[in-house]
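# Results of the structural survey
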Amino acid sequence: MRQFRSALARLAGVFTRYREDDDLRAELEAHLEMETAENIRRGLPPDEARRRARVASGGLTAAAEAVRAQRGLPWIESIAADVRYAVRSLRHSRAFTTVVVVTLALGIGANTAIFSVIRAVLLKPLPHRDGDRLVYLRHSVDGPGGNSILFSVPEVSDLRDGVRSFAGLAEYSPWTITAQEKSAAVRMNVGLVTGNFFDVMGLAPVLGRLTRPSDDGPGVPSVMVLTHDFWIRHFGGDPGIVGKTLRLDAGTVTVIGVLQPAPMFPDRMDALCNMVVSPHHLSAQMVHVRSHRMTEIVARLAPNGSVEGARTEVASVYARMQRDYKEAYDPGSHYRVSVVRFKEAIGEQARLTLWMLMAAAAFVLIISTANVVNLTLMRGVRREPELIVRAALGAGVARLRRLLLVENLVLTIAGGILGIAAAIGGIRLLATFAQRYSPRANEIRLDVTTLLFALGVSVAVAFLLSFVAALPREGRFGSWMAAGARRISGTVRRQRLQRALVVAQIAVSVVLLAGAGLLTRTMVELSDVHTGLRTEEVLTMPVQLVSFADGNFQRIMASDAGVKNDYDRMMREVRSLRGVVGVGLGSTPPLRGSGTGLEVKAEDKTFAVGAATPRADVRTADPEYFRAAGIPLLKGRAFETTDRLGTARVVVINQVLAEKLFHGEDPIGRRVAWTGDIVRLTPFSPDWRTVVGVVGDTKDAGLDAEAPPVMFMPFAQEIALGGVLVIRADSNAAGLASAATRIAHQIAPTVPIENVLTVAQIKDESVAPRRLNAELISLFGSLAVIIAAVGIAGVLAFSVSARTNEIGIRMSLGADRGRVQRMILGEGGTLLVLGLALGVGGAYVGSGVMRGLLFGVAPHDPTTFVGVAATMALIGIVACWIPALRAARIDPATAMRST
Amino acid sequence: MGEKLDVKQGTLALMILRTLDVLGPLHGYGIARRIEETSRNRLTLNYGTLYPALLKLEQEGFIAAEWRQSENNRRAKFYALTAAGRKQLARETREWHQTADLIAAFLAPRRGGETP
């Protein structure tokens, strides 16, 4: 209590010092006067009386100082004084302060922003209870689209029964439903889940309840748990949402709760529903057919289970499944299951890119710190006289160090604050960017940890800056002062450090530039990739007229004629719009895949045992589709209106598939068919079909991937499961979007019309993440080069000004301007060459890790490396030239007199 | 004048409190005079020792200060003991006696009659 009270009083004293100083002075004066009066009373002459009193007092100023020390908290006051002093002295060297603060702000801002993304997307624990115990199971086969083929219900139960390392299996089947609301139809991506899903995932509701085992099976009410994101986005966070019903295409569903915020994987989901929402998911086909794979699995490890143990067990259970059910696992396709931590699976796509960005940001920070160190060293030289005077007046090494540290802290924390401000702007941009890579992007924010990170970086830089500076050491004041400041400034150690820093800056810049160069080359290569289409002035409009909501194929078949009629009407009306050149209809927009791949066989062709059966993307197209989409016809004919229900089954295949099936023989007139265990689950007949045409390949799996094999069937000969209007315009296809959407709405008011995109937009979207990568790294690279150029010019300029005297002597002894210029250029050139060599070496070693981010360019691409080195050399030479010119202009007479 | 002593750490506060207890409210000069006289001038107090100690006691709440007219019509800051200060004086006096006894016992001549 007593300590607390006096601490409070002292703390208050820090702030009230001026008022109390007057009081103290009056008190001490009074004391002095009383003592003087006493001395006079004793018979001393007044002057002597006063002198004695003063001697006895021990000095008024010293006393006042002692009282002040007791009054406040001396260390706070002296630090406050240091800060005031630092701010004042920094304000005097405005240029220095600005350059340092801005440089640091760039470095710290870039790092803070990228770090906050990495933390949210990769590092932070999952919001799930014991999220590190969750693992994701991935089922893969060879070939396009085979990365994740999901699991069938029989496979899920085998795994559930056979793997002891799992405490539970959460299964969810991605599905799309359409909710009919008053104003519009809303398409929702949902996960169909079993009752134990939330329990296994370790998630809790923020409102209402979650599904439970009693919601499983047929004959129960349809229920829905909204994801937090969708609840906020679509329902504005309505607290009364629980208990509301949504009208679906078939039946209704009741909202029973809202889930806590949690990342959904692999795709974003708007809600999670029980299985009864989709009758198909309760059908015999879904439940009993092993090759009907529609389910994702996340498992929770048992308390004694490990990921390694689970891997071993899953492998043995899976091997048994493959032995027992040979027909469901084509040996040529290499069916396999991998087990990865859920958190890693979520971060998988983002990891490489983000760490590369973090490295780039760290490089920028290294370069800016090196620059600031250099600037500080130079400023330190100019300050040496001041420091020497301070040391001579009694400041110890520790005291001077503290002074420098406080000054540097003021600098770096100012830089840090500015950097955080920059990061706040950058984070929003990065979060949008990260959306493409990670479902955790909405967790990105500046929180205490990231702020501490920024602060930590600032403080670390301040310490570094304070300890590179040389200080006058005790016992050496004499020699320092005798020598005079100018001589000391030329210490070999300091110059070496400065040069090493410049070399490092150049080297790191080269590494960054090389990365930027490779990614930019990747973008150039990608933009040069031919899509396979003749034109990009094409608008695509998906219109899903058929609903699978009731899972009743009979009903879908019965309504097929009506559906096709609606499509016809829609196309007729769109065709009459001004600017439309042609309209086609198909299952899939160009440059996209249909998402359904089936095995294909050709008549009279057998494949080597063990080789994968060819697979092709299943699509439909009407007679106009190829011309409207700009897909070139290479051989035979396109579909014709005579290819309709009841006439001979025909197909058009693309070139990749033709090559796969017929190895260079003419495919026209040959017969092909869908094959494999799964065909009987589809509405597509396994009968033979005649190839009537071959079309060119299009980059449907992305510009950076091989064109997938495709087989088109006539739209009229199959049931219309879905349709995309492909609208060719004479110019400005995007301008047709609203008119076309209006037509679709009129004809099908209950169908949500989304993703109306031009082919150019589809193409652009597929390269957007890479472009942003290239732009960010290029931005970092340019920053680095600018900072490094400033660094090299600054160090040389300083060297010139330190050598003014020497240069003056050289010139008066006969060295001409050219010679002086060459001398300085040579000095800079050596640093430049060293930096370039180190940088190119470093880039050569480092660029290998980027392999996964590159396209069409090798990690050690010589053109890029030469270009980068040349760019850096050019900028470096310019940076050297400026101080060299200045050196050459030195007037020898002035230079020598000025010493 | 005999040997001059420095004020031992911690004892000055006790002396100040005791002085104020005996003489009532007093200014800094008066306190210094009184302590020097009581020590028969073996102690000297300069301002740098006295005033911080007074401030510390004030911060701890044992004394209170007030500007007043002195006996010869001069304005001076007078210090007076507070209730807490009185208690503190009693406590410190007791502790001091105990310590003094203890030290005295240690320094007492050995039983053999030799002096250390």
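Since the structure is predicted, the reported quantities are computational estimates derived from the model, not experimental observations. (Residues numbered from 1 in each chain as written. Chains lettered and ligands numbered in written order. Predicted model: local features only at pLDDT ≥ 70, side-chain atom pairs only at ≥ 80, totals over all residues. Heavy atoms only, no water.)

### Examining the overall build of chain A
- Regarding its fold elements, chain A presents 27 helices and 21 strands.
- By principal-axis analysis of the C-alpha atoms, chain A measures approximately 135 × 80 × 60 Å.
- The 899 residues of chain A split such that 51% are buried.
- Taking the intrachain contacts of chain A between residues at least 6 apart in sequence as the baseline, contacts between residues at least 24 apart amount to 81%.
- A total of about 40200 Å² of accessible surface is found on chain A, and carbon and sulfur atoms cover 58% of it.
- In chain A, the 101 positive side-chain charges and the 81 negative ones have mean positions that sit 9 Å from each other. (Helix = DSSP H or I, 4+ residues; strand = E, 2+ residues; numbered from the N terminus. Buried < 20%, exposed > 50% of the residue type's maximum accessible area, 1.4 Å probe, protein only. Contact = heavy atoms within 4.5 Å. Areas by Shrake-Rupley, 256 points an atom, 1.4 Å probe, with all protein chains shown as cover. Lys, Arg positive; Asp, Glu negative; His and termini not counted. Charge placed at Lys NZ, Arg CZ, Asp CG, Glu CD.)

### Comments concerning the interface of chain A and chain B
- Listed as interface residues are 28 residues of chain A and, on the opposing side, 25 residues of chain B.
- Of the roughly 2300 Å² buried between chain A and chain B, counting both surfaces, carbon and sulfur atoms make up 60%.
- Between the two partners, chain A and chain B, sit two salt bridges.
- Lys77(B) is the partner of Asp23(A) in a salt bridge, and the nearest nitrogen-oxygen pair spans 2.7 Å.
- Connecting chain A to chain B are five residue pairs in polar contact (both at pLDDT 80 or more).
- Secondary structure elements with two or more residues in the side of chain A that touches chain B: α1 (2–15), α2 (17–41), α3 (46–57) and α4 (60–71) of chain A.
- Sorting elements by how many residues they give to the side of chain A that touches chain B places α2(A) first, with 12 residues.
- Split by residue class, the side of chain A that touches chain B holds 13 nonpolar, five polar and 10 charged. (Buried area = accessible area lost by both parts, 1.4 Å probe. Salt bridge = Lys/Arg side-chain N within 4 Å of Asp/Glu carboxyl O. Polar contact = N/O pair within 3.5 Å; in protein donor to acceptor, adjacent residues only side chain to side chain. Nonpolar A, V, L, I, M, F, W, Y, C, P; charged D, E, K, R; others polar.)

### What about helix α3 (residues 47–60) of chain B?
Residues and elements named next belong to chain B.
- For α3, spanning 14 residues, the distance from its first C-alpha to its last is 20 Å, which sits close to the expected 20 Å at 1.5 Å a residue.
- Most of α3 is tucked away: 10 of the 14 residues are buried.
- Of the residues making up α3, those classed as buried are Tyr-47, Leu-50, Tyr-51, Pro-52, Ala-53, Leu-54, Leu-55, Leu-57, Gln-59 and Glu-60.
- Remark: Gly-61 follows α3 within two positions and exhibits a positive phi of approximately 85°. (Expected span 1.5 Å × (residues − 1).)

### What to know about the nonpolar core
- In this structure, Ile444(A) and Phe780(A) are the most contacted members of the largest nonpolar core, which totals 83 residues.
- It is helix α23 (residues 759–802) of chain A that provides the largest number of residues to this core, a total of 17 residues.
- Apart from residues no more than four positions distant in its own chain, Phe780(A) is found in contact with Ala110(A), Ile114(A), Leu357(A), Ala360(A), Ala361(A), Val364(A) and Leu512(A).
- Judged by nonpolar contacts, the second largest core, of 31 residues, contains Ala63(A), Leu12(B), Leu57(B) and Tyr79(B). (Core = buried A, V, L, I, M, F, W, Y, C linked by side-chain atoms within 4.5 Å.)

### Overview of empty space enclosed by the protein
Residue and element names in this part refer to chain A.
- Within this structure, the stated rule accounts for seven cavities of 30 Å³ or more.
- Looking at the second largest cavity, its volume works out to about 40 Å³.
- Taken together, Leu-591, Lys-699, Gly-702, Leu-703, Ile-762, Lys-763 and Ser-766 form the lining of the second largest cavity.
- Among the residues making up the lining of the second largest cavity, the classes are represented as three nonpolar, two polar and two charged. (1 Å grid on protein atoms, 1.4 Å probe; cavity = no way out; pocket = protein on both sides within 12 Å on 5 of 7 lines; lining within 4 Å. Points joined across faces, edges and corners; volume = space filled by probe spheres on them.)

### Side note on the pattern of salt bridges
All names here are of chain A.
- Throughout the structure, instances matching the rule amount to 43 salt bridges over all chains.
- Glu-443 serves as the salt-bridge partner of Arg-440, at 3.1 Å between the closest nitrogen and oxygen.
- On the basis of relative accessibility, which here comes to 15%, the residue Glu-443 falls in the buried class.
- For Asp-700, the salt bridge is made with Arg-619, and the minimal N-O distance between the two is 2.8 Å.

### Focus: the sheet that holds strand β1 (residues 26–27) of chain B
All names here are of chain B.
- If you walk across this open sheet you meet the three strands as β1-β3-β2, and the pairing is antiparallel. The sheet terminates laterally at β1 and β2 (63–69), the two strands that pair on one side only.
- Its contacts with the sheet place α3 against β2 and β3 (75–81), and it is angled at close to 115° to β2. (Pairing = 2+ DSSP bridges. Axes fitted to C-alpha atoms, helices over the stretch in contact; angles between N-to-C directions.)

### Comments concerning the packing of aromatic side chains
- Counting across every chain of the model gives 16 aromatic pairs over all chains.
- Judged by centre distance (5.4 Å) and plane angle (75°), the rings of Phe433(A) and Tyr437(A) are edge-to-face. Here Phe433(A) and Tyr437(A) have matching classes, each one buried.
- Aromatic ring contacts, followed pair by pair, group Tyr625(A), Phe626(A), Phe639(A) and Phe712(A) into a single cluster.
- The ring centre of Tyr325(A) lies 3.7 Å from the NZ or CZ of Arg290(A), which sits over that ring.
- Lying across the ring of Phe78(B), Arg68(B) places its NZ or CZ 5.0 Å from the centre. (Phe/Tyr/Trp six-rings, centres within 6.5 Å; stacked < 30°, edge-to-face > 60°. Lys NZ or Arg CZ within 6 Å of the ring centre and 35° of its normal.)

### Concerning a positive patch on the surface
All names here are of chain A.
- A surface patch of like charges, here positive, comprises Arg-84, Arg-88, Arg-91 and Arg-94.
- Of all the elements, helix α5 (residues 74–92) adds the most residues to the positive patch, at three residues.
- As for its position among the elements, Arg-84 is in helix α5. (Patch = residues over 30% accessible without salt bridge, like charges linked within 9 Å, V, L, I, M, F, W, Y side chains within 5 Å.)

### Digging into the side chain of His280(A)
- Looking at the element boundaries, His280(A) is found in the loop between β8 (271–274) and α10 (284–288).
- Residue classification places His280(A) among the buried positions, given a relative accessible area of 12%.

### Topic: unusual backbone geometry
- The residue after Phe265(A), namely Pro266(A), is reached through a cis peptide bond having omega 0°.
- Here Pro266(A) shows up in the loop between β7 (252–259) and β8.
- Positive phi, normally seen in glycine, also occurs at Asn732(A), with a value near 50°.
- For Asn732(A), the location among the structural elements is in the loop between β20 (723–729) and α22 (737–747).
- In this model, Arg40(B) sits at a positive phi of 50°, which is unusual for a non-glycine residue.

### Thoughts on a nonpolar patch on the surface
- A grouping of Ile877(A), Val878(A), Trp881(A), Ile882(A) and Leu885(A) is seen on the molecular surface, where their side chains present a nonpolar patch of about 450 Å² in accessible area.
- Here Leu885(A) shows up in helix α26 (residues 862–888).

### A word on the environment of Pro667(A)
- Relative to the assigned elements, Pro667(A) resides in the loop between α21 (655–662) and β17 (671–675).
- Separated by 14 residues in the primary sequence, Pro667(A) and Ile653(A) place their C-alpha atoms 9.1 Å from one another.

### Overview of the side chain of Thr698(A)
All names here are of chain A.
- Following the sequence through the fold, Thr-698 ends up in the loop between β18 (689–695) and β19 (710–714).
- Take Thr-698: its relative accessible area is 7%, and that puts it in the buried class.
- Among the polar contacts made by the side chain of Thr-698, one reaches the side chain of Asp-700 at a distance of 2.7 Å.
- Beyond its immediate sequence surroundings of up to four residues, Thr-698 is in contact with Thr-531, Gly-532, Leu-533, Leu-591, Ile-631, Ala-707 and Pro-708.

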